Amino acid sequence: MFVDKLPHIPTLHGFHIVNGVLKPKSLQIGMFFKKWKFHRDLPATPVFAYGVSKHKATVPGPTIEAVYGVSTYVTWRNHLPSSHILPWDPTISPAIAKRGGIPTVVHLHGGIHEPSSDGNADSWFTAGFKETGTKWTKPTYHYVNKQQPGNMWYHDHAAGLTRVNLLAGLLGAYILRHSSVETPLNLPTGREFDRPLIVFDRSFRKDGSIYMNATGNNPTIHPQWQPEYFGDAIVVNGKAWPRLTVRRRKYRFRIINASNARFFRFFFSNGLDFIVIGSDSAYLAKPVSTKSVLLAPSEIVDVVVDFSKSTSKTAILANNAPYPYPSGDPVTDENSKVMKFTIKHKSETDTSSMPTKLVQYPHADVSKSVRTRYIAMFEYVSSADEPTHLYINGLPYNAPVTETPKIGTSEVWEVINLTEDNHPLHIHLGLFKVLEQTALVETEKFTDCMTEKNDAVKCQISKYARGNKTAVTAHERGWKNVFKMMPGHVTKILVRFSYVHSNESYYSFDATQEPGYVYHCHILDHEDNMMMRPFEMVK
């Protein structure tokens with residue numbers, strides 16, 4: 001461990017500066033098959049990588065930096081080979097190209113933009129756009145960048161193939177900056193002191209190739225699909241267990257959990273604090289100091305770490321989250337360590353500061369909610385008690401739309417987790433605040449009723465949602481786009497279908513156009529096996 005330096009991820013600017021004025025920019029980003037060195041002692045690994053060329057393609061892909069109010073256009077180009085480098089399962093309704101090739105499509109996670117640029121799972125395309133999915137829209141996506149400043153990430157989103165395409169390397173960070181909002185905060189800035197940390201787990205064969213079990217847990221039903229993928233090695237910015245030498249001053253880390261299924265509970269071996277300034281794609285109202293951060297797949301936490309407070313010369317960024325979370329195996333020596341920081345002895349002059357207040361967005365006003373929806377999470381098992389598939393509200397992904405929110409409104413969603421897993425629920429387009437988490441009582445009885453009737457009201461949910469309440473963690477009380485739905489609980493959220501940084505009750509684009517949006521579990525193995533539902537916005 002800790003033999004490779006933490007690499008800087010290449011940056012692409014999503015804007016031009018012409019005579020001192022910011023202008024929209026068009027980018028051409030391809031997906032390439034190449035080899036990538038994850039570790040000094042491991043042979044180069046065949047991967048799929050994003051980049052402006054095969055030579056410049058990286059894992060993770062280049063970080064796109066955009067500016068508020070200035071559009072970024074990206075033409076995503078598929079240069080992948082005819083067959084996949086990983087095993088995939090044809091029985092979970094994946095995108096399949098009739099004439100060969102690997103279907104891909106890109107979703108900007110956390111982005112607020114038109115449906116035709118959202119990367120719908122059925123908007124996939126193969127190399128040279130020779131074949132496209134049933135909901136394919138256009139080759140060039142338009143990111144309007146008119147939302148609150150913060151952190152996002154882009155990744156593959158092809159139906160039934162998301163888990164293998166991300167495992168192969170198709171992911172990258174996207175940062176939206178807003179100088180008039182952020183400059184007064186005086187947070188750490190610059191390439192050295194403000195860095196994305198994109199964390200994921202992988203297993204490798206001795207020849208360097210990515211290892212993924214080719215046999216399913218129910219091979220007579222799904223020959224390859226397994227309910228969760230876990231890797232032995234922890235990778236940060238494309239290197240397994242890297243190291244970074246830091247000065248005794250404040251650093252900003254934008255940490256993205258890009259794993260398929262692994263939760264991380266991050267902490268420092270020497271007791272350093274995380275000062276949380278943002279969650280997912282939005283700033284918090286004020287900084288929150290904490291010793292540990294639990295991050296589900298796809299969640300983002302924006303933190304400042306002050307290494308001048310360290311009493312030791314080194315600090316290990318560590319992990320102690322069981323897998324699967326929350327009741328799985330304890331961590332091992334390998335997956336309990338993330339990366340190592342070596343802290344210079346000399347004291348530093350640090351011109352950055354930690355403000356007492358950050359960015360104030362509207363409170364979650366439940367009284368303005370126009371309706372309540374019940375969102376139930378189901379897992380189905382075989383006669384051997386092994387998972388076969390997962391549904392939301394008892395429906396597969398390709399069933400007709402049942403949710404049609406109105407633009408400019410807020411809704412209460414009561415998310416009922418009837419499974420034993422914690423499911424990170426991600427809602428495209430919308431932002432939400434978590435209001436409360438309530439344990440179910442007589443869970444088995446309520447689950448039986450829901451399995452039969454699939455109706456929370458008819459099953460008298462108020463009779464069962466009266467157990468202990470779990471407080472929402474302080475640094476997760478801001479506006480989010482993904483949250484951990486506790487097993488055996490009802491999690492109440494207020495979803496807002498408009499911008500949160502302004503009083504506008506409409507978007508700067510037509511959110512009602514096809515192919516609409518989706519919401520889903522962001523454990524990719526679940527999402528790929530039907531734990532995703534479409535929704536359509538109405539005026």
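Going by an unreviewed UniProt entry, the protein carries the name Plastocyanin-like domain-containing protein and comes from Brassica campestris. Taken verbatim from the UniProt record of the protein, the Sequence similarities (unreviewed entry) comment is "Belongs to the multicopper oxidase family." Listed in UniProt under the heading Cofactor (unreviewed entry), the comment for the protein reads: "Cu cation".

Caption draft 1: A look at the pairing of strand S9 (residues 150–156). With seven of seven residues buried, S9 lies mostly within the body of the structure. Relative to S9, strand S7 (residues 106–109) runs antiparallel, the two being bridged by four bridges. Each bridged residue has a counterpart across the sheet, and for leucine 108 the counterpart in S9 is tyrosine 154. Summarising the sheet, S9 and strand S10 (residues 171–177) pair through six bridges and their orientation is antiparallel. Residue pairing across strands places asparagine 151 opposite isoleucine 175, the latter belonging to S10.

Caption draft 2: Fine view of the UniProt feature "domain: Plastocyanin-like" (unreviewed entry) in the protein. Cross-referencing UniProt, the feature "domain: Plastocyanin-like" (unreviewed entry) maps to residues 103–178, 231–319 and 381–536 in the present numbering. Along residues 103–178, the helical share is 8% and the strand share 29%, with 35 Å between the first and last C-alpha atoms. Annotation note: span residues 231–319, helix share 0%, strand share 64%, distance between end C-alpha atoms 14 Å.

Caption draft 3: Representation of the environment of tyrosine 519 within the structure. Relative to the elements of secondary structure, tyrosine 519 occurs in strand S31 (residues 517–521). Separated by 110 residues in the primary sequence, tyrosine 519 and threonine 409 have C-alpha atoms spaced 17 Å apart. Setting aside residues up to four positions removed in sequence, tyrosine 519 forms contacts with Ile375, Ile392, Asn393, Glu403, Trp413, Leu425, His426, Ile427, Met532, Arg533, Pro534 and Phe535. Side-chain polar atoms of tyrosine 519 contact the side chain of glutamate 403, separated by 2.8 Å.

Caption draft 4: Looking closely at the sheet that holds strand S27 (residues 431–439). An order of S24-S23-S25-S30-S27-S28 is seen for the six strands of this open sheet, with the pairing classed as mixed. Of all strands in the sheet, those bounded by a partner on one side alone are strand S24 (387–392) and strand S28 (469–470).

Caption draft 5: Summary view of helix H3 (residues 443–453). Here H3 has its buried residues at Phe446, Thr447, Cys449 and Met450. The buried residues of H3 occupy one face: seen down the axis, they fall within an arc of 160°. Turned more than 90 degrees off the buried face of H3, the exposed positions are Glu444, Thr451 and Glu452. Its buried side turned inward, H3 meets strand S23 (369–381), strand S25 (410–417) and helix H4 (461–464). Positioned one or two residues after H3, asparagine 454 has a phi angle of 50°, which is positive.

Caption draft 6: Focus on the sheet that holds strand S5 (residues 61–67). Taken together, the five strands give an open sheet; going across it, the order is S1-S5-S10-S9-S7, and neighbouring strands pair in mixed fashion. At either margin of the open sheet sits one strand with a lone partner, and together these are strand S1 (11–13) and S7. Taken pair by pair, the neighbouring strands of this sheet meet at an average axis angle of 25°, ignoring direction.

What counts as what
Residues numbered from 1 in each chain as written. Predicted model: local features only at pLDDT ≥ 70, side-chain atom pairs only at ≥ 80, totals over all residues. Heavy atoms only, no water. UniProt positions renumbered as here; feature names shortened; annotations may be inferred. Buried < 20%, exposed > 50% of the residue type's maximum accessible area, 1.4 Å probe, protein only. Helix = DSSP H or I, 4+ residues; strand = E, 2+ residues; numbered from the N terminus. Pairing = 2+ DSSP bridges. Contact = heavy atoms within 4.5 Å. Polar contact = N/O pair within 3.5 Å; in protein donor to acceptor, adjacent residues only side chain to side chain. Arc of directions from axis to C-beta. Axes fitted to C-alpha atoms, helices over the stretch in contact; angles between N-to-C directions.

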